[in-house]
Every structure is written in C-alpha cells, then in structure tokens.
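# What the coordinates show
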Amino acid sequence: MLNGPNLNMLGKREPTIYGARTLQDISSELEKTAASLEVLLTFFQSNHEGVLVDKIQAALALYQGILINPGAYTHTSVAIRDAIAAVSLPTVEVHLSNVHQREAFRQHSYIAPVAIGQISGFGSDSYRLGLEGLVQHLRSK
Ligand code: DQA
C-alpha cells in the first residue's frame, strides 16, 4: 500500500474533504482487513515522487500487487505511471475523495490507464474496498 504526498497530514488536512482519520488509523484498519483476507500488507507513505518510483520498482521482487493512493501525483506523474507499467503488477488506485466530483485538474488520472481499477469517494473505506478488489482479482487468476 503506497501513499503519496500530504497523506501523512490526514486528520488535520482539510477534514471536510478527507475525513478525521489519520493515516495511522487507516493503516491499522487496513492491516485488519489484510489479516482477515490472509494476505501480507506493507503500508508506506512518501512525499517524494522518486521514492514512490523506487518502491514500485522494488515491489516487483516482493509483492503480487500494488494498492496506491498517489495523492496529487495522480494528476501529474508520468514517472509513477511508467513505473507501474514497467513492473506490470496488478494495481488498484484509491482515493478518499471522489476526484471526479472535484476541480477539473483532479478529474484526469495518469494512473488509471495502467491500473486494473480505481476506487474513489468512499473516504477511508476506499482503502478497504481497494484491497478487497485487488485480492479478489489476484485470486481469480
Ligand atoms: C486524493 C485526491 C487528490 O486529488 C489529492 O491531491 C490528494 C488526495 C484523495 O485521496 O482523495 O492528495 O488522492
């Protein structure tokens, strides 16, 4: 589970849009979902594009899939999109807010075309729904 920039500020950051839960709360909840699905989950956040690219590349040797909330990099990062395409691991894009209901610049995702799907708008539940979708996809293979 990769989290992009400013998601470390959850709880304090625009709570009317992103909710009151901290990233630590979301991590703890997702860990419970992972345990109930009997999968191993690693939770990571960075404010730096290149660090996220490094993590995606490293995932190839370590994991079977990627769950990612790229934050603002969703709308700007060809590098993150290319890294996901390069490793070719099934990837699910998640967003707390419904990006399609917000400013025009948030309505384009560089990540969506290389993801198996996108979950957007369910608050912290987007993470759980994304993990369930990813695991179901992997198990159906
Ligand atoms: C976000 C939506 C992005 O547009 C924004 O830049 C974020 C959070 C979300 O989870 O709703 O940082 O990815």
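Above this text is the structure in question.
Summarised in this report is the structure supplied together with it. (Residues numbered from 1 in each chain as written. Predicted model: local features only at pLDDT ≥ 70, side-chain atom pairs only at ≥ 80, totals over all residues. Heavy atoms only, no water.)

### Topic: the pattern of salt bridges
In a structure, side chains of opposite charge can pair up when their charged atoms sit close to one another. The condition is simple: Salt bridge criterion: a side-chain nitrogen from Lys or Arg within 4 Å of a carboxyl oxygen from Asp or Glu. Throughout this description, buried means an accessible area under 20% of the type-specific maximum (1.4 Å probe, protein chains only), exposed means over 50%, and partly exposed covers the range between.
By the definition in use, this model includes five salt bridges. For E29, the salt bridge is made with R21, and the minimal N-O distance between the two is 2.6 Å. Exposure remark for E29: the relative accessible area of 30% places this residue in the partly exposed category. Across the pair R106 and E103 runs a salt bridge, and its minimum N-O distance is 2.8 Å. Residue E103 is classed as partly exposed on the basis of its relative accessible area, which comes to 35%. Look at the salt bridges and you will find they share partners, linking R102, E103 and R106 into a network.

### Some points on the pairing of strand β4 (residues 91-95)
Rules: Each helix corresponds to a stretch of at least 4 residues labelled H or I by DSSP, and each strand to a stretch of at least 2 residues labelled E; elements are numbered beginning at the N terminus. Being paired, for any two strands, means DSSP has found at least two bridges between them. Throughout, right-handed denotes a crossover for which the path from the first strand over the helix to the second runs clockwise when the strands point away from the viewer.
Within β4, five of the five residues are buried, leaving the element largely enclosed by the surrounding structure. Neither face of β4 is left uncovered, since the one carrying T91, E93 and H95 and the one carrying V92 and V94 both have all their residues buried. For strand β3 (residues 66-69) and β4, the ladder comprises three bridges, and the chain directions are parallel. In the sheet register, I68 faces β4, and the bridge partner there is E93. On the question of chirality, the crossover connecting β3 to the parallel β4 by way of helix α4 (residues 78-87) is right-handed. Sheet analysis places β4 next to strand β5 (residues 117-120), joined by four bridges and oriented parallel. Looking across to β5, one finds that E93 is bridged to Q118.

### As for the packing of helix α2 (residues 23-37) against helix α5 (residues 125-139)
Applied cut-off: Angles run from 0 to 180 degrees between N-to-C directions of axes, and those axes are lines fitted to C-alpha atoms, restricted for helices to the stretch in contact. Between 65 and 115 degrees an angle is taken as roughly perpendicular, under 35 as roughly parallel, over 145 as roughly antiparallel, and anywhere else as oblique. A clockwise turn of the near helix away from the far one marks a right-handed crossing, whereas an anticlockwise turn of less than a right angle marks a left-handed crossing. Here, two residues are considered to be in contact whenever any of their heavy atoms come within 4.5 Å of each other. Side-chain classes are defined by residue name, with Ala, Val, Leu, Ile, Met, Phe, Trp, Tyr, Cys and Pro counting as nonpolar, Asp, Glu, Lys and Arg as charged, and the others, Gly among them, as polar.
Interhelical geometry of α2 versus α5 gives an angle of 30° and a closest axis separation of 10 Å. The angle between α2 and α5 falls in the class roughly parallel. Helix-helix and strand crossings are classified by hand; for α2 and α5 the assignment is right-handed. On α5, the residues touching L23, I26, L30, T33, A34 and L37 of α2 are Y127, R128, L131, E132, V135 and R139. For the contact of α2 with α5, the class distribution of residues is eight nonpolar, one polar and three charged.

### Some remarks on empty space enclosed by the protein
Any empty space left between atoms is shown by rolling a water-sized probe over those atoms. Definition in use: Method remark: on a 1 Å grid restricted to protein atoms, a set of points is classed as a cavity if a 1.4 Å probe fits but cannot get out and as a pocket if it is open with protein on both sides within 12 Å along at least five of seven lines; lining residues have an atom within 4 Å of a point. Grid points are joined across faces, edges and corners, and a volume is the space filled by probe spheres set on the points.
In total, this model carries one cavity of 30 Å³ or more according to the counting rule given. By volume, the largest cavity amounts to about 130 Å³. A class-by-class count of the residues in the lining of the largest cavity yields five nonpolar, five polar and three charged.

### Thoughts on the site of the ligand
Test applied: Any residue with a heavy atom lying within 4 Å of a molecule or strand is counted as near it. Between N or O atoms, a polar contact is any pair within 3.5 Å; within protein, one atom must be a potential hydrogen donor and the other a potential acceptor, and residues adjacent in sequence are included only when both atoms are from side chains. Reported accessibility uses the Shrake-Rupley method at a 1.4 Å probe radius. Residues are deemed covered only where the shown protein chains occlude them. The way we define it, a molecule is inside a pocket or cavity when more than half of its atoms are within 2 Å of that pocket's grid points.
What surrounds the ligand is the set R13, Y18, N69, G71, A72, H75, H95, L96, S97, V99 and R106. Interatomic distance of 3.2 Å between a backbone N/O atom of A72 and an oxygen atom of the ligand. For the ligand, an oxygen atom lies 2.8 Å from a polar atom in the side chain of H95. The fraction of the free accessible surface of the ligand (320 Å²) that becomes covered by protein chains is 99%. When atom positions are compared with the pocket grids, the ligand is found to occupy the largest cavity. Considering only residue class, the shell around the ligand consists of four nonpolar, five polar and two charged.

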